[in-house]
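What follows is the residue order along each chain.
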Amino acid sequence: MKLAISGKGGVGKTTLAALLIKTLSEQGKRVLAIDADPDANLAAALGIPNPQSIVPISDMKELIEERTGAKPGSVGGFFKLNPRVDDLPEKCSVEVDHIKFMRLGGVKKGGGGCICPESTLLKALVAHILLARDEVVVMDMEAGIEHLGRGTASAMDKLIVVVEPGRRSVETAQNIKRLAEEIGLSRIFLVGNKIRGQTDQEFLERYVTGFEWLGFLPYDEKIIECDLSGKPPYDTDTLAKKAVQEIGQSLIKGEHEHQHAHSHEHTHAHAHEHQHEDVVHMHEHSHTHMHEHAHQHSHEDSQAADGHSHDHDDNEDHGAHDHDHSGHDTEPHDHSH
């Protein structure tokens, strides 16, 4: 299961990401948590000690140069577009409570995107994480999908956009949807956050259309207190935590149903293939048997014909011999001598 969480800054996506990561981990899932938002601090929300000491991969200059062959910050030079990244999730992650954590960092770009060693390494790493690794991945992203591309969109099970009651949040969600659809990512879902009551929920359902809702998180003062005190939100019993646990269980159930359906389709296809092979085999066996039977009849007929021909020839030869012999015996002899 691969999940990306996006939304406007301050909407609470890092809180949702942290609660969801902890929920999935407690359900026995191996989780790789990716902080892909330069302004977020997912490590602190997960309760990782000394989060400020974790160096973003985009700032690891020696690593970037070693893998791409170019110094970070260089533009227009030559560098590898497919650097080796398969060992980085182990080398560049910290682990706490069976959760691996990686901090990607950001790339300073002057506009129009960035084709540089840092960006190339990060995109290759994200592609590897989404396409080649089998654990649950949860990415906390900025208000966009900067690290995703057409090649990785197909591996993303869900893009979860967090929205709060307000026009700007709604506009950001629509913009993220447009960007996602441009790269072929259509599995976009919404979570409403900071919901004070029925009016807030109805506002979002009325103005944010074309999405499927995963759930709504109530406004909770305890979450704000956790943020102010630096306490992980999962360590406090809140209504938001309970709502995210229900979302997590729904996601796991959906994954199991998808795997079961996929397994059923595979088994059915496999059985159909074997059935087809049996039919072909039976057909070939029948054809071979008929061919052998026909060959046997042909051989017997040929033998019978040969026997008849042989008897006929023997009779002719015998007659000819008798005739010659008879002629020889009746030939007159000269006895006068």
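Remember, predicted model here, so these are calculated numbers, not experimental data. (Residues numbered from 1 in each chain as written. Predicted model: local features only at pLDDT ≥ 70, side-chain atom pairs only at ≥ 80, totals over all residues. Heavy atoms only, no water.)

Caption draft 1: Just the pairing of strand β7 (residues 188-195), in detail. β7 sits mainly inside the fold: 7 of its 8 residues count as buried. Where strand β6 (residues 158-163) and β7 come together, 5 bridges link them in parallel fashion. Each residue of the ladder has a partner; that of I160, found in β7, is F189. Taken together, β6, helix α7 (residues 167-182) and β7 constitute a β-α-β crossover, and its handedness is right-handed. Strand direction decides the pairing type here: β7 and strand β8 (residues 212-218), joined by 5 bridges, are parallel. Residue pairing across strands places V191 opposite G215, the latter belonging to β8. (Buried < 20%, exposed > 50% of the residue type's maximum accessible area, 1.4 Å probe, protein only. Helix = DSSP H or I, 4+ residues; strand = E, 2+ residues; numbered from the N terminus. Pairing = 2+ DSSP bridges. Right-handed = clockwise from strand over helix to strand, strands pointing away.)

Caption draft 2: Seen up close, the nonpolar core. In this structure, I34, I57, M139, L148 and L159 are the most contacted members of the largest nonpolar core, which totals 44 residues. Of all the secondary structure elements, the ones that give two or more residues to this core are β2 (31-36), α3 (61-68), α5 (117-132), β5 (136-141), β6, α7, β7 and α8 (198-207). Ranked by residue count, the leading element in this core is α5, at 7 residues. Dropping the residues within four chain positions of it, I34 is found in contact with L42, M102, L104, I129, V137, V138, M139 and D140. Listed in part, the 36 residues of the second largest apolar core include M1, V191, I247 and I252. (Core = buried A, V, L, I, M, F, W, Y, C linked by side-chain atoms within 4.5 Å. Contact = heavy atoms within 4.5 Å.)

Caption draft 3: Quick look at a nonpolar patch on the surface. The grouping of Y219, I224 and L228 at the surface amounts to a nonpolar patch, some 310 Å² of accessible area in total. Tracing the sequence through the fold places Y219 in the loop between β8 and α9 (221-229). (Patch = residues over 30% accessible without salt bridge, like charges linked within 9 Å, V, L, I, M, F, W, Y side chains within 5 Å. Areas by Shrake-Rupley, 256 points an atom, 1.4 Å probe, with all protein chains shown as cover. Salt bridge = Lys/Arg side-chain N within 4 Å of Asp/Glu carboxyl O.)

Caption draft 4: Spotlight on the pattern of salt bridges. Scanning all chains against the criterion turns up 17 salt bridges. K13 is the partner of D37 in a salt bridge, and the nearest nitrogen-oxygen pair spans 2.6 Å. Residue D37 is located in the loop between β2 and α2 (42-45), and its partner K13 is located in helix α1 (residues 13-26); the two are separated by 24 residues in the primary sequence. Residues K22 and D97 are paired through a salt bridge, measuring 3.2 Å at the closest nitrogen-oxygen approach.

Caption draft 5: Molecular detail of the packing of aromatic side chains. For the structure on display, the rule yields 2 aromatic pairs. For the ring pair F203 and Y207, a centre distance of 4.9 Å and an interplane angle of 45° mean the geometry is tilted. Pair noted here: F203 and Y207 are both in helix α8, with a separation of 4 residues, about one helical turn. Each ring, one from W213 and one from F216, has its centre 4.6 Å from the other, and the planes form 25°; the classification is stacked. (Phe/Tyr/Trp six-rings, centres within 6.5 Å; stacked < 30°, edge-to-face > 60°.)

Caption draft 6: Looking closely at the side chain of D37. Relative accessible area serves as the criterion here: at 9%, D37 is assigned to the buried category. Engagement of the side chain of D37 in a polar contact is seen with the side chain of K13, the distance being 2.6 Å. Excluding residues that lie within four positions of it along the chain, D37 makes contacts with K13, D140, M141 and E142. (Polar contact = N/O pair within 3.5 Å; in protein donor to acceptor, adjacent residues only side chain to side chain.)

Caption draft 7: Here's a closer look at the environment of G151. Within the secondary structure, G151 is located in helix α6 (residues 150-153). On the accessibility criterion, G151 (53% relative accessible area) is exposed. Along the primary structure G151 and L131 are separated by 20 residues, whereas in three dimensions their C-alpha atoms are 9.0 Å apart.

Caption draft 8: Representation of the environment of I160. For I160, the location among the structural elements is in strand β6. You can call I160 buried: its relative accessible area is 1%. Remark: the alpha-carbon pair of I160 and L214, spanning 54 residues in sequence, is separated by 8.5 Å. Once you skip the residues sitting within four places of it in the chain, I160 turns out to touch A4, I5, S6, L16, L20, F189, V191 and L214.

Caption draft 9: Region of interest: the packing of α7 against α8. Two elements in contact, α7 and α8, have axes whose closest approach is 11 Å; the angle formed by their N-to-C orientations is 35°. Considering how the two elements wind past one another, α7 and α8 form a crossing that is right-handed. In this structure, α7 contributes R167, V170 and Q174 to the contact, and α8 contributes F203, L204 and Y207. Considering only residue class, the contact of α7 with α8 consists of 4 nonpolar, 1 polar and 1 charged. (Axes fitted to C-alpha atoms, helices over the stretch in contact; angles between N-to-C directions. Left-handed = near helix turned anticlockwise from the far one by under 90°. Nonpolar A, V, L, I, M, F, W, Y, C, P; charged D, E, K, R; others polar.)

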